Amino acid sequence: MENLDRKKVAILATNGFEESELKEPMNALKEAGADVHIVSENLGKIKGWQDGNWSNEYEVDKTIDEASQENYDALMLPGGVINPDILRRNEDAIRFVKSFFANKKPVGAICHAPWLLAEADVLQGRKITSFNSIKRDLVNAGAKWEDSEVVVDEGLVTSRNPNDLPAFNSKLIEEVYEGKHQMQTA
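Residues numbered from 1 in each chain as written. Predicted model: local features only at pLDDT ≥ 70, side-chain atom pairs only at ≥ 80, totals over all residues. Heavy atoms only, no water.

1. With respect to the overall build of the protein chain
Helix and strand counts for the protein chain come out as 6 helices and 12 strands. C-alpha atoms of the protein chain, sized along the principal axes, occupy 35 × 35 × 30 Å. Across the 186 residues that make up the protein chain, the buried fraction comes to 54%. For the protein chain, restricting intrachain contacts to residue pairs at least 6 apart in sequence, the fraction spanning at least 24 positions comes to 67%. Of the roughly 8,400 Å² of accessible surface on the protein chain, a fraction of 40% belongs to carbon and sulfur atoms. (Helix = DSSP H or I, 4+ residues; strand = E, 2+ residues; numbered from the N terminus. Buried < 20%, exposed > 50% of the residue type's maximum accessible area, 1.4 Å probe, protein only. Contact = heavy atoms within 4.5 Å. Areas by Shrake-Rupley, 256 points an atom, 1.4 Å probe, with all protein chains shown as cover.)

2. Thoughts on unusual backbone geometry
With a phi angle near 75°, R6 is a residue other than glycine that sits in the positive phi range. Turning to its location among the elements, R6 is positioned in the segment before β1 (8–12). Among the residues examined, R6 registers a relative accessible area of 76% and is labelled exposed. Residue K104 is not a glycine yet carries a positive backbone phi of 60°. Mapped onto the secondary structure, K104 falls in the loop between α3 (91–102) and β8 (107–110). Here K104 falls in the partly exposed class, since its relative accessible area comes to 22%.

3. Re the nonpolar core
Among the nonpolar cores identified, the biggest contains 31 residues, and L12, L75, L77, F96 and L117 are the most heavily contacted of them. Put simply, the parts of the chain that give this core at least two residues each are β1, β7 (74–77), α3, β8 and α4 (114–119). Per-element tally for this core: the top contributor is α3, with 6 residues. Setting aside residues no more than four positions away along its own chain, L117 makes contact with L77, V97, F101, V107, A109, V122, L123 and L156. Counting residues in hydrophobic clusters, the runner-up holds 26 residues, among them A34, I38, I46 and V176. (Core = buried A, V, L, I, M, F, W, Y, C linked by side-chain atoms within 4.5 Å.)

4. Considering α3
Here α3 is 12 residues long and its end C-alpha atoms lie 16 Å apart, about the 16 Å a rise of 1.5 Å per residue gives. The opening residue of α3 is N90, an N-cap whose side-chain oxygen sits 2.9 Å from the backbone nitrogen of D92. Two residues or fewer past α3, K104 is found with a positive phi of approximately 60°. (Expected span 1.5 Å × (residues − 1). Polar contact = N/O pair within 3.5 Å; in protein donor to acceptor, adjacent residues only side chain to side chain.)

5. Focus on the environment of D51
In this structure, D51 sits in the loop between β4 (45–50) and β5 (53–59). Judged by its relative accessible area of 70%, D51 falls in the exposed class. Considering only alpha carbons, one finds D51 and F101, 50 residues apart in sequence, at a separation of 32 Å.

6. Focus: the pattern of salt bridges
Following the criterion strictly, the structure yields 7 salt bridges and no others. In this structure, the salt-bridge partner of D147 is R160, at a minimum N-O distance of 3.0 Å. One end of the pair, D147, is in the loop between β10 (144–145) and β11 (150–153); the other, R160, is in the loop between β12 (156–159) and α6 (165–178), with 13 residues separating them in the sequence. Residue D147 is classed as exposed on the basis of its relative accessible area, which comes to 55%. The residue R160 makes a salt bridge to D164 at a minimum N-O spacing of 2.9 Å. Overall, the relative accessible area of 3% leaves D164 in the buried class. Among the charged side chains, a salt-bridge network with shared partners connects D85, R88 and R89. (Salt bridge = Lys/Arg side-chain N within 4 Å of Asp/Glu carboxyl O.)

7. Brief notes about the sheet that holds strand β2 (residues 17–18)
Hydrogen bonds along the backbone pair up the strands of a sheet, which may run parallel or antiparallel. The strand order β2-β4-β5 describes an open sheet built from 3 strands, whose pairing is mixed. Of all the strands in the sheet, the pair left with one neighbour each is β2 and β5. Note that β4 and β5 share 5 bridges and pair antiparallel. Looking across to β5, one finds that I46 is bridged to Y58. (Pairing = 2+ DSSP bridges.)

Now the structure itself:
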């Protein structure tokens, strides 16, 4: 496994994230040596969603206003339906997402999280996957969508759902280890 010592990863999330899609990548990144921060709209705690119900709370490390891509090596976006739908309406969150692409840094997005990528206008010509119900939205945003467990396109790592987490986590760690990708553009 790659050693991510001295690498910092931001996880952008708010209430209603799919719990496994935040918890499992966060733990995998930490186990690989990364310093991981949860970034959200407000300080305090955000609440996950699991099996159709609210679940555990997670402490927010920084607000979007306090965070800058300059302080991170990569960005991870968990899905769930509620979480990305709220964040894609937040202009600061969209700017934060877009800044990782503009600076050629790795980004991971799973399930419904690619909605944020569509809103950030970073999908033109990019190969991705997602939860199948948002396929049309992503194709309309210019993506080349495919139904695969994990898709990697120049530092952009995407997966469909929680069943894909082992493959997603492995590829995300690999891309964070590799660092900037010159073809990762906004």
